Amino acid sequence: MEYLIRFAQCHENFRKPEIQALATLVGADIEFLSYNDHSPYCVVKLPDNDAARAIMKRSVLAKDISELWGQGTNYDEVHAAVQERASDRWPKYRDAIFSFSVDTFAGKRSQTRKSEIINSFGYMSFEGPIRMKNPDEQFIIMEEYVSDAEQSLIGTKKITEPRNIYMGRFLAKSDRDTIVKLDLKKRRYISTTTMDAELSLVTANMALAAPGKVFYDPFVGTGSFLVAAAHFGALTLGSDIDPRSFRGKDEEREKGEIAALRNYKQYGLESKMMDLFTSDLTNTPLRNCGLLDGITCDPPYGVREGLRVLGTRDGVLKEPVFIDGVAAHYRPDYIAPKRPYGFEAMQRDILDFAVRTLVPNGRLAMWMPTASDEAHKFPVPMHPNLEVVNVSVQHFQKWSRRLMTYRRLPDGETSDITQGRSYVDAQGVMADELNAFRRKVHADNDPLNGIVTS
Amino acid sequence: MKVITANFVTCAVKECKTTATSFPLHFHDAELELQEVDFQPEFIRNVIPRIDWEGLRTTANELGFPSLPETKPEGDELTNEQTLKDLHRLLLETQVMEGKLVCGTCGHAYAIKEGIANFLLPSHLGKFRIEFRS
């Protein structure tokens, strides 16, 4: 069966991968019959209405999905298609309470013209009462014109008549409302680097968060990814090298409560919180076996402060120090030593960690910054035990960031990594020496276009 | 820290990880709290295969819970609601708020405060490999 997905016109690069991930999650075969970054309308083939509903229930980048009854580049074609392909469905809705509407993208129709268009479908002979609010059935005509953005980006000529017209029966709304529910402006505990609600939800979708699963964020911060995974039903586990990030500074805490927990409570997700702990990825306490279904993270980029992990700068172990007979490292004010860490080493360590701790077919969804100009584009880091499922890019003016989604291959399968990133960090112990991205940002001198980097 | 998490972790010292005595970490001076969590049978069923059963038996014993069965529940046993509820209570509702987790190999004690365990290593344990290549 053919279905029409109506997308929101934003994060275009992530829309198709999100729907593909959700099809995988619900176990439905999907085929994209038409898709265009410059259009909100996308035609897919799916096994049945249940699959279409299940996918839509989870999508945050789509708005809704409809049964596609007919399409064309003009109304003659649409009418011919609706009569040829959908006439057997008309009688089912003859007495239903229904609405009929015209939706235009990047174009306009007068109310009179809309009525004319709707009336031209009169041959379907729906006899039930018309109700615009809460009808049982909604029939929609969608017209696609050429947007200003498309014209300026790829030079498509503006047109006065639609280039594509779709007619369909509404099936299901997406989960897009959750973006508002989880909006950072109303969230109890956030920081300057908290990932916004929409992209956190997309990240959780890419990693296939679902009830019964364990999701982990090794750079948990204020817990934005985990809240998103918890919203989709996963049990969530988070850690950070700096416990103040999730615990909250003393003045940010109410009644001694862990600050990140307040977010779970705000959304009624306390039962999805497994644990938070303080640790460093290079010395993780997690056992080396398949424990996790998904890992979602936005690792520190080390632009504002250099990257740090546990260890001493010279790599030499120090003798324990005793103060008043108590080992200094057991005193409450003890701060574990940290050393500068390389950007490449960190990415490699995350992939290695994912291979060790994901269950077969478990997913890693990881964000990474990259410079926007070609000369500084970095290939995607790869690992033989991970398949790159997809890479989506969010562009800013001077830089961009990518969401890379990997699948843990079952033992015995390996992926081709010859196209992968094989850089290693330059030699050195200072933050700049170890981080090509940080060097690039600082060399550019300009502020990062208002984008906060961590 | 919940009991399930204690079953997921071992000593953060690399040399300890491969030794048999580093797992499970041993609770010392544990202050327990029971926190109600919605019963999620689907989760328990999914996660049981990942649990180190011997480790869980040791932990339950050390925290003063009644003995767990000798073998991990499997197959039909995982459809028994009471079995799942008991495991739910132990794994997800039992929380160690204060105390220590001690490694049986190196003896390092990881502190737990306000339910948060600290696995950062002091300077005499946090060894790392330097691998700068050019």
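Residues numbered from 1 in each chain as written. Chains lettered and ligands numbered in written order. Predicted model: local features only at pLDDT ≥ 70, side-chain atom pairs only at ≥ 80, totals over all residues.

1. Structural notes on the overall build of chain B
When its secondary structure is counted, chain B shows five helices and four strands. For chain B, the N- to C-terminal ordering of α and β elements is α-α-β-α-α-α-β-β-β. Taking the principal axes of the C-alpha coordinates as reference, chain B spans close to 55 × 35 × 25 Å. When each of the 134 residues of chain B is scored for burial, the buried share is 37%. Relative to all contacts within chain B whose residues are 6 or more apart in sequence, the contacts with residues 24 or more apart total 71%. (Helix = DSSP H or I, 4+ residues; strand = E, 2+ residues; numbered from the N terminus. Buried ≥ 20, exposed ≤ 12 C-beta atoms within 10 Å, placed from the backbone. Contact = placed C-beta atoms within 7 Å.)

2. Overview of the interface of chain B and chain A
With 35 residues of chain B at the interface, the matching set in chain A holds 42 residues. When residues of the side of chain B that touches chain A are traced back to their parent elements, those giving at least two are helix H1 (3-8), helix H3 (41-47) and strand S4 (116-118) of chain B. Broken down by element, the side of chain B that touches chain A gets its largest block of residues, four residues, from H3 of chain B. Split by residue class, the side of chain B that touches chain A holds 19 nonpolar, eight polar and eight charged. Of the strand pairs in this sheet, strand S10 (residues 273-278) of chain A and S4 of chain B are connected by two bridges, and their pairing is parallel. In the strand pairing of S4 of chain B, Phe 277 of chain A is matched with Ala 117 of chain B. (Nonpolar A, V, L, I, M, F, W, Y, C, P; charged D, E, K, R; others polar. Pairing = 2+ DSSP bridges.)

3. Brief notes about the pairing of strand S5 (residues 98-105) of chain A
Two strands pair when backbone bridges link them, and S5 of chain A and strand S6 (residues 137-144) of chain A are joined in this way by eight bridges, in the parallel orientation. Residue pairing in the sheet places Asp 103 of chain A in a bridge with Met 142 of chain A of S6 of chain A.

4. So, the confidence of the model for chain B
All names here are of chain B. Taken as a whole, chain B shows an average pLDDT of 91; of its residues, 93% reach a score of 70 or greater. When mean pLDDT is compared element by element in chain B, H1 scores highest at 98, while helix H2 (residues 14-17) scores lowest at 91. Of the regions scoring below 50 in pLDDT, residues 128-134 engages in eight contacts with residues more than four places distant in sequence or in other chains. Quick note on the complex model: pTM equals 0.91, ipTM equals 0.94. (pLDDT = per-residue confidence, 0-100.)

5. Here we look at the sheet that holds S6 of chain A
All names here are of chain A. Taken in spatial order, the seven strands of this open sheet run S2-S3-S1-S4-S7-S6-S5, and their pairing is mixed. Of all the strands in the sheet, just strand S2 (31-34) and S5 have a single pairing partner and so form its edges. Looking at each pair of strands side by side, their axes are set apart by 35° on average, direction ignored. Pairing analysis gives five bridges linking strand S1 (residues 2-7) to strand S4 (residues 62-72), with the strands arranged antiparallel. Bridging across to S4, Phe 7 finds its partner in Ala 62. Across the sheet, helix H3 (residues 75-85) touches S4 and strand S7 (164-173), and the angle it forms with S4 is around 90°. (Axes fitted to C-alpha atoms, helices over the stretch in contact; angles between N-to-C directions.)

6. Some thoughts on the domain arrangement of chain A
Residues and elements named next belong to chain A. Domain assignment breaks chain A into domain 1 (2-175) and domain 2 (179-444). Placing the centre of domain 1 and that of domain 2 at their C-alpha centroids yields a distance of 38 Å. Listed as interface residues are 12 residues of domain 1 and, on the opposing side, 14 residues of domain 2. Looking at the side of domain 1 that touches domain 2, the element that brings in the most residues is helix H1 (residues 12-26), giving eight residues. Of the residues contributing to the side of domain 1 that touches domain 2, the split by class is seven nonpolar, three polar and two charged. (Domains from an automatic or database assignment.)

7. What about the sheet that holds strand S16 (residues 358-371) of chain A?
Strand order in the open sheet made by the 11 strands is S17(A)-S18(A)-S16(A)-S11(A)-S8(A)-S9(A)-S10(A)-S4(B)-S3(B)-S2(B)-S1(B), with mixed pairing throughout. Of all the strands in the sheet, the pair left with one neighbour each is strand S17 (386-395) of chain A together with strand S1 (26-34) of chain B. On average, each strand axis in the sheet is tilted by 20° relative to the strand beside it, whichever way the strands run. In the sheet, strand S9 (residues 235-240) of chain A pairs with S10 of chain A via five bridges, with the strands oriented parallel.

8. With respect to the nonpolar core
Residues and elements named next belong to chain A. Among the nonpolar cores identified, the biggest contains 130 residues, and Ile 5, Ala 209, Val 214, Ala 229, Ala 234 and Ala 354 are the most heavily contacted of them. In terms of residue count, the dominant contributor to this core is helix H11 (residues 343-357) (seven residues). If near-sequence neighbours (up to four positions away) are discounted, Ala 354 is found in contact with Ile 295, Leu 364, Leu 386, Tyr 406 and Arg 408. (Core = buried A, V, L, I, M, F, W, Y, C linked by C-beta atoms within 7 Å.)

9. Overview of the packing of H1 of chain A against helix H7 (residues 197-206) of chain A
All names here are of chain A. Here H1 crosses H7 at 45°, and the two axes come no closer than 8 Å. As judged from the angle between their axes, H1 and H7 are oblique. Two packed elements cross with a definite hand, and for H1 against H7 that hand is left-handed. Between H1 and H7, the contacting residues are Phe 14, Pro 17, Glu 18, Ala 21 and Leu 22 on the first element and Val 202, Asn 205 and Met 206 on the second. Its residues assigned to classes, the contact of H1 with H7 comprises six nonpolar, one polar and one charged. (Parallel < 35°, antiparallel > 145°, perpendicular 65-115°, else oblique. Left-handed = near helix turned anticlockwise from the far one by under 90°.)

10. Here we look at the packing of H7 of chain A against helix H8 (residues 224-231) of chain A
When two helices pack together, their arrangement is given by the angle between the helix axes and by the axis-to-axis distance. Residue and element names in this part refer to chain A. The geometry of H7 relative to H8 is characterised by a closest axis approach of 8 Å and an angle of 60° between their N-to-C directions. Viewed along their axes, H7 and H8 adopt a mutual orientation that is oblique. In the crossing of H7 with H8, the sense of the turn from one axis to the other is right-handed. Only Ser 224, Phe 225, Ala 228 and Ala 229 of H8 make contact with H7, whose side of the interface consists of Ser 200, Leu 201, Thr 203 and Ala 204. Broken down by class, the residue content of the contact of H7 with H8 amounts to five nonpolar, three polar and no charged.

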